[in-house]
Amino acid sequence: MSSTTGSCEALCYCLEETPFGWLALLGSAGGLRRVSLQPEPQEALDGLGDAVNGAEGNPAVFAKALVAFREYFAGNVIALDGIPLDLSNASPFFGAAWAACRGIPAGETRSYQWLAEAAGNSKASRAAGQAMARNPFPLIIPCHRVVGSTGSLHGYGAGGIGVKARLLEMERQQGTML
């Protein structure tokens, strides 16, 4: 995560307001570890977990990631595609589900069943749902693009179903302009 304008020996975090709520990032020189998007600043920080309590507030460490998020919220729906993630603590199935989810094109949706199949276990749609519910990188791993088998929107921990619907609509609108 280090950039020319900042560094972080241990954990660092930052908080920034976006058109979709408050964005909080947690990471170190080793990479981005967690993303939280919530309606209120304290909720976004709480979404980073207990690790934020010992972390240093240092937005400069996240300069490149923040630029990518700003571009995404401005309508560049592929701006987050290049952000590297540390998935080393993920179970094999969750890692596969997150990788498959990251491959869903902007503005499109896939079902939990599709996600389970793409992750290698067609009988694990509930587990695919759990992988999305525990996604530490909302927006970067676009769990908002995963919907029920009928196309219905299900829970979205990064701000609720309303935010999920707004993100999908933004992506659909921008996708027609690409």
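Structure: above.
Note that the structure is a prediction, hence the values are computed from the model and not measured. (Residues numbered from 1 in each chain as written. Predicted model: local features only at pLDDT ≥ 70, side-chain atom pairs only at ≥ 80, totals over all residues. Heavy atoms only, no water.)

## Some details on the overall build of the protein chain
Part 1: The secondary structure content of the protein chain amounts to six helices and six strands.
Part 2: The C-alpha radius of gyration of the protein chain comes to 16 Å, within 12% of the 16 Å expected for a compact globule of 178 residues.
Part 3: Along the three orthogonal principal directions, the C-alpha set of the protein chain runs to about 45 × 35 × 25 Å.
Part 4: Considering the protein chain as a whole, with its 178 residues, one finds that 47% of them fall into the buried category. (Helix = DSSP H or I, 4+ residues; strand = E, 2+ residues; numbered from the N terminus. Rg over C-alpha atoms; globule rule 2.2 N^0.38 Å. Buried < 20%, exposed > 50% of the residue type's maximum accessible area, 1.4 Å probe, protein only.)

## What about the sheet that holds strand E2 (residues 21–28)?
Part 1: What the four strands build is an open sheet, ordered E3-E2-E1-E4; its pairing is mixed. The open sheet has two edge strands, strand E3 (31–38) and strand E4 (56–57), and neither has a second partner. (Pairing = 2+ DSSP bridges.)

## Notes on the pairing of strand E1 (residues 12–18)
Part 1: Burial of E1 is one-sided: the residues Cys-12, Cys-14, Glu-16 and Thr-18 facing one way are buried, the residues Tyr-13, Leu-15 and Glu-17 facing the other way are not.
Part 2: Where E1 folds back onto E2 in an antiparallel hairpin, the turn is made up of two residues.
Part 3: Pairing between E1 and E4: two bridges, direction parallel. The partner of Cys-12 across the bridge, within E4, is Glu-56.

## With respect to the packing of aromatic side chains
Part 1: According to the stated counting rule, one finds four aromatic pairs in the structure shown.
Part 2: Between Tyr-72 and Phe-73, the aromatic rings sit 5.5 Å apart at their centres with planes inclined by 75°, giving edge-to-face as the arrangement.
Part 3: One aromatic cluster in this structure is built from Phe-20, Phe-69, Tyr-72 and Phe-73.
Part 4: A cation over a ring is seen here: Arg-110 above Trp-114, with NZ or CZ 5.5 Å from the ring centre. (Phe/Tyr/Trp six-rings, centres within 6.5 Å; stacked < 30°, edge-to-face > 60°. Lys NZ or Arg CZ within 6 Å of the ring centre and 35° of its normal.)

## Regarding the pairing of E2
Part 1: Burial runs high along E2: seven of the eight residues are buried.
Part 2: Relative to E2, E1 runs antiparallel, the two sharing seven bridges. Across the sheet, residue Cys-14 finds its bridge partner in E2, namely Leu-25.
Part 3: Looking at chain direction, E2 and E3 are connected through seven bridges and run antiparallel.

## Brief notes about the environment of Ala-165
Part 1: Considering the arrangement of structural elements, one finds Ala-165 in helix H6 (residues 161–175).
Part 2: The class of Ala-165 is partly exposed, set by a relative accessible area of 33%.
Part 3: C-alpha separation for the pair Ala-165 and His-144, spaced 21 residues apart in sequence, amounts to 8.0 Å.

## Structural notes on the pattern of salt bridges
Part 1: Under the defined criterion, the tally for this structure stands at three salt bridges.
Part 2: Among the salt bridges present, the one from Arg-70 reaches Glu-16, with a minimum N-O distance of 2.7 Å. Placement of Arg-70 in helix H2 (residues 63–73) and of Glu-16 in strand E1 is noted, with a sequence separation of 54 residues between them.
Part 3: Residue Arg-145 pairs with Glu-171 through a salt bridge whose shortest N-O separation is 2.9 Å. (Salt bridge = Lys/Arg side-chain N within 4 Å of Asp/Glu carboxyl O.)

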